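Here's the letter readout for the chains.
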There are 2 protein chains.
Amino acid sequence: MMPTTGGRHIALSRDEGQIVVALYREGRLSRTDLARRLACSRAKAGQLVNALLEREILAEPVQAGGGRSRLVEMNPGRGYVAGVDIGTTSMDVALADASGRILRHQGRPASVESGPLEAVAYVETQIREMLAAQGAPAASLLAVGVGVPGPVRFPEGYIIGRHFLPGWDGFTVREQLAVAFPGAAIILDNDANVMALGEQRNGLAQGVDEFIFVKVGTGIGAGVVSRGRLLRGATSCAGHIGHTCVDFNGPICRCGNRGCLEAVAAGPAIAQAGLAAARSGASEILARLLAQGEQALTAEDVATAAGTGDSASMHILQESGRMIGDVLAGVVNLMNPELVVIGGGVSRSGYQLLTEVRRAILNRSYPYTAVDLRVEYSALERMGGMMGSVALALDWLFQVEGESLEQLQPG
Amino acid sequence: MMPTTGGRHIALSRDEGQIVVALYREGRLSRTDLARRLACSRAKAGQLVNALLEREILAEPVQAGGGRSRLVEMNPGRGYVAGVDIGTTSMDVALADASGRILRHQGRPASVESGPLEAVAYVETQIREMLAAQGAPAASLLAVGVGVPGPVRFPEGYIIGRHFLPGWDGFTVREQLAVAFPGAAIILDNDANVMALGEQRNGLAQGVDEFIFVKVGTGIGAGVVSRGRLLRGATSCAGHIGHTCVDFNGPICRCGNRGCLEAVAAGPAIAQAGLAAARSGASEILARLLAQGEQALTAEDVATAAGTGDSASMHILQESGRMIGDVLAGVVNLMNPELVVIGGGVSRSGYQLLTEVRRAILNRSYPYTAVDLRVEYSALERMGGMMGSVALALDWLFQVEGESLEQLQPG
């Protein structure tokens, strides 16, 4: 699969690619460490490292005393990469150095319904301002990774968003950003996939080759990693667990089907259930929050109420967790992951949801499959999407035999 | 992951491994073809081929006229591999040459409940007889692949069968066969995984990198292939879709949970529903078949009755298909395969089940995910398991940098 990400790529041999992946994953390493990772001689590793130092892809970090370290790292001075997380209700942009370390980031609330032109303009402005703040020219931007809350045809990079992103369908974010940053490789993916990469690079999934990242926010989606590699499926639609039916008589989902997990367990459904509890008198605190607000409640309000011990709110979150866990039990049976990480806005709503997800998975999955399974909330909070977009950008900036570094993950 | 399959392996370089994989997949190829597959020069491909010819791993087939072909193939004279398919109610053993072509096969009905010693003795006898019929010494057996109807710790090769294979739990089929054939690499896997490999090598999934094989027989299980590679999960328990709950108030499954897909939709559940229809008077033909038999019906009886247009039997198969399809809709949402292949005994019960599986997947999955999906019965019938076991044996006989050829599949 030849990526068509626009911009320039940096070609590496297979061995060089392994070195770059190892340094991204583990930070600074010695030539001896790298020889061990590549199962090659110290001399061969030395040659490979020297060639990469010459191309300024690697650097030897300056030690505290001023001398040269025996270690090497990805050359942070090679240029910059941007990581963009376009959410349904927010936008976040990060600038990182070429070693993947985030230097600056900026975000704001934003409705995805305002359309792609406004989003792209914001992203462009933020990247330009951050580069300027670093004293760096626009041409030093090597790559941009972008996550969007809907299906993306990968690696072509256009959005197939008739259902989820009105106004975005077929919009080529990549081509738009390529006009702004003609020297940069630009790569676009679904938000749950991007967050899975963030979790793998910086979060709980470091060193874990079999895991599922589940985003629970306005929608529900998953990033599936097996053998250390993100799986995208035949038409880049893998991970759409939010559209698995959990209630054949349930409400119509925005995808057009009935009773999808997303329609009954994501943020808007939680908010809707909270509203019903406020109006029916089942929850005094939700009624108070409703009166204070603009006749609307959010999933965060329900979480706040649950945090004070409000039983109606706790029950709403538990129900959501149970349904998510029922679907995840099937996912666990199929994929047999070592770890399930739950992120996205709703994952910041307290322990009730997580507890029910765990319980449902244990109750509904095949005993051998779940016995050593860990199910955790992500600790990356809003940084997860940006970290993942940076990882996506770096993986696709470098190429081995026309393939991205994603293909080189161990396993 | 260093396989511990016992026996001798044949070490290849990465490029040599690519050549072997290409020849397994495509049969005879020229040096020019191979240069194209490896994206290398014709001269380099020629060198690699010559080295493999010298080691007698490849051969130049003799042409009809007696001259040498310009093509090369896997050397069929290099030795033999056996492919074993241990089912719940049958055992099949095949002998293939080192190019993967099946030369002989033999099977018999057998209850898995008779235990592993009897099974291993049968397998050993069959392999010895087939080798003798070929006029080949036992030492010419290079590898044995074995599929068993239960979870297998892979690649260690022992059965974790407390639930499914009474008497087999912890039994080391590999060590037993290694005593009989000390020179052979022996590798054991779950039957659905093995059948998926058979489908990839010889069936509908040739050249398909994203597919799911579903075995519907006494149990229900899946083999998951993504990026051309079989996924086994963190503890080799991937593909256990038969233990996804479809009816929270359903019958107890042999795994200990309630309402598993397998407990309500596999062969025994179909037979059970047929028995009820026979006794209640809902089906005259089933009642007749019951009277002819020994007060028992099989899933095949229900299929026979459905084939004559018996509406109760058709309904039973449709219900089974609907429940399988409901679970597969979730699988399709998660994995976004290009193809779902349904095999196993129940897949030979007519079109009703397949039609309902297709309908349920279309009804319950995310529209974009299913739009180009094909759902088909396997055409390999009983050969699928043997073909897959042969493929498994060959993939693990050759090793590249301590890894099996499975890792080298393109994608």
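Residues numbered from 1 in each chain as written. Chains lettered and ligands numbered in written order. Predicted model: local features only at pLDDT ≥ 70, side-chain atom pairs only at ≥ 80, totals over all residues. Heavy atoms only, no water.

Caption draft 1: Structural context of the relation of the copies chain A and chain B. Of the transformation placing chain A onto chain B, the axial shift is 0.0 Å and the rotation is 180 degrees, giving an RMSD of 0.0 Å. One copy is carried onto the other by what is essentially a two-fold rotation axis. A shared binding surface is used by both copies, with 100% of the interface residues of chain A retained as interface residues in chain B. (Least-squares fit on C-alpha atoms with pLDDT ≥ 70 in both. Contact = heavy atoms within 4.5 Å.)

Caption draft 2: Spotlight on the pairing of strand β6 (residues 90–97) of chain B. Residues and elements named next belong to chain B. Counting buried positions along β6 gives eight out of eight residues, so the element sits mostly inside the fold. Where burial is concerned, the two faces of β6 agree: the one with Ser90, Asp92, Ala94 and Ala96 and the one with Met91, Val93, Leu95 and Asp97 are both buried. Note: strand β5 (residues 80–86) against β6, seven bridges, orientation antiparallel. By the bridge assignment, Asp85 is partnered in β6 with Asp92. Following β5, the chain reverses through three residues before pairing antiparallel with β6. As paired strands, β6 and strand β7 (residues 102–109) are joined by seven bridges and run antiparallel to one another. Pairing of Met91 across the sheet is with Arg108, part of β7. (Buried < 20%, exposed > 50% of the residue type's maximum accessible area, 1.4 Å probe, protein only. Helix = DSSP H or I, 4+ residues; strand = E, 2+ residues; numbered from the N terminus. Pairing = 2+ DSSP bridges.)

Caption draft 3: Spatial organisation of the sheet that holds strand β14 (residues 229–231) of chain A. Residue and element names in this part refer to chain A. Ordered by their spatial adjacency, five strands build an open sheet running β14-β13-β12-β15-β16, and the pairing between neighbours is mixed. Two strands close off the open sheet at either side, each with one partner strand: β14 and β16 (374–377). Averaged over neighbouring strand pairs, the angle between their axes works out to 25 degrees when direction is ignored. Direction of pairing for strand β12 (residues 211–216) relative to strand β13 (residues 220–226): antiparallel, over a ladder of six bridges. Looking at the pairing, Lys215 lines up with Gly221 of β13. In this fold helix α12 (residues 351–364) packs onto β15 (339–343) and β16, with an angle of close to 160 degrees to the strand it touches most, β16. (Axes fitted to C-alpha atoms, helices over the stretch in contact; angles between N-to-C directions.)

Caption draft 4: Region of interest: the interface of chain A and chain B. Contacts between the two partners involve 50 residues from chain A, matched on the other side by 50 residues from chain B. Buried surface at the junction of chain A and chain B, both sides included, amounts to about 4100 Å², of which 54% is carbon and sulfur. Among the residues chain A hides against chain B, the three largest losses belong to Arg227, Leu334 and Tyr368 of chain A. Together they make up 19% of the total. Linking chain A with chain B are zero salt bridges, by the criterion used here. If you look at where chain A meets chain B, you find 22 residue pairs in polar contact (both at pLDDT 80 or more). Listed by contribution, the elements that provide at least two residues to the side of chain A that touches chain B are β13, β14, α11 (311–335), α12 and α13 (367–370) of chain A. In terms of residues, the side of chain A that touches chain B owes the most to one element, α11 of chain A, which gives seven residues. Across the side of chain A that touches chain B, the residue classes tally to 20 nonpolar, 18 polar and 12 charged. (Buried area = accessible area lost by both parts, 1.4 Å probe. Salt bridge = Lys/Arg side-chain N within 4 Å of Asp/Glu carboxyl O. Polar contact = N/O pair within 3.5 Å; in protein donor to acceptor, adjacent residues only side chain to side chain. Nonpolar A, V, L, I, M, F, W, Y, C, P; charged D, E, K, R; others polar.)

Caption draft 5: Representation of the environment of Tyr80 of chain B in the model. Residues and elements named next belong to chain B. With respect to the element layout, Tyr80 can be found in strand β5. A residue is classified by how much of its surface remains accessible, and Tyr80, at 15% relative accessible area, is buried. For Tyr80 and Ala143, which are 63 residues apart along the polypeptide, the C-alpha to C-alpha distance reads 7.2 Å. Apart from the residues lying within four places of it in its own chain, the contact partners of Tyr80 are Leu95, Ala96, Asp97, Leu103, Leu131, Gln134, Ala136, Ser140, Leu141, Leu142 and Ala143.

Caption draft 6: Summary view of helix α3 (residues 42–54) of chain A. Residues and elements named next belong to chain A. With 13 residues, α3 should cover 18 Å at 1.5 Å per step; its first-to-last C-alpha distance of 18 Å lies within 8% of that length. As for α3, its buried residues are in contact with β1 (10–12), α1 (14–26), α2 (31–38), β3 (58–59) and β4 (71–74). Downstream of α3 by a residue or two, Glu56 has a phi angle that is positive, lying close to 60 degrees. (Expected span 1.5 Å × (residues − 1).)

Caption draft 7: Region of interest: the packing of helix α9 (residues 284–292) of chain B against helix α10 (residues 299–307) of chain B. Residue and element names in this part refer to chain B. Two elements in contact, α9 and α10, have axes whose closest approach is 9 Å; the angle formed by their N-to-C orientations is 140 degrees. Relative to α10, the element α9 is oriented oblique. Between α9 and α10 the crossing geometry is right-handed. Together, Ile285, Leu286 and Leu289 of α9 and Asp301, Val302 and Ala305 of α10 make up the contact between the two elements. The class makeup of the residues in the contact of α9 with α10 is five nonpolar, no polar and one charged. (Parallel < 35°, antiparallel > 145°, perpendicular 65-115°, else oblique. Left-handed = near helix turned anticlockwise from the far one by under 90°.)

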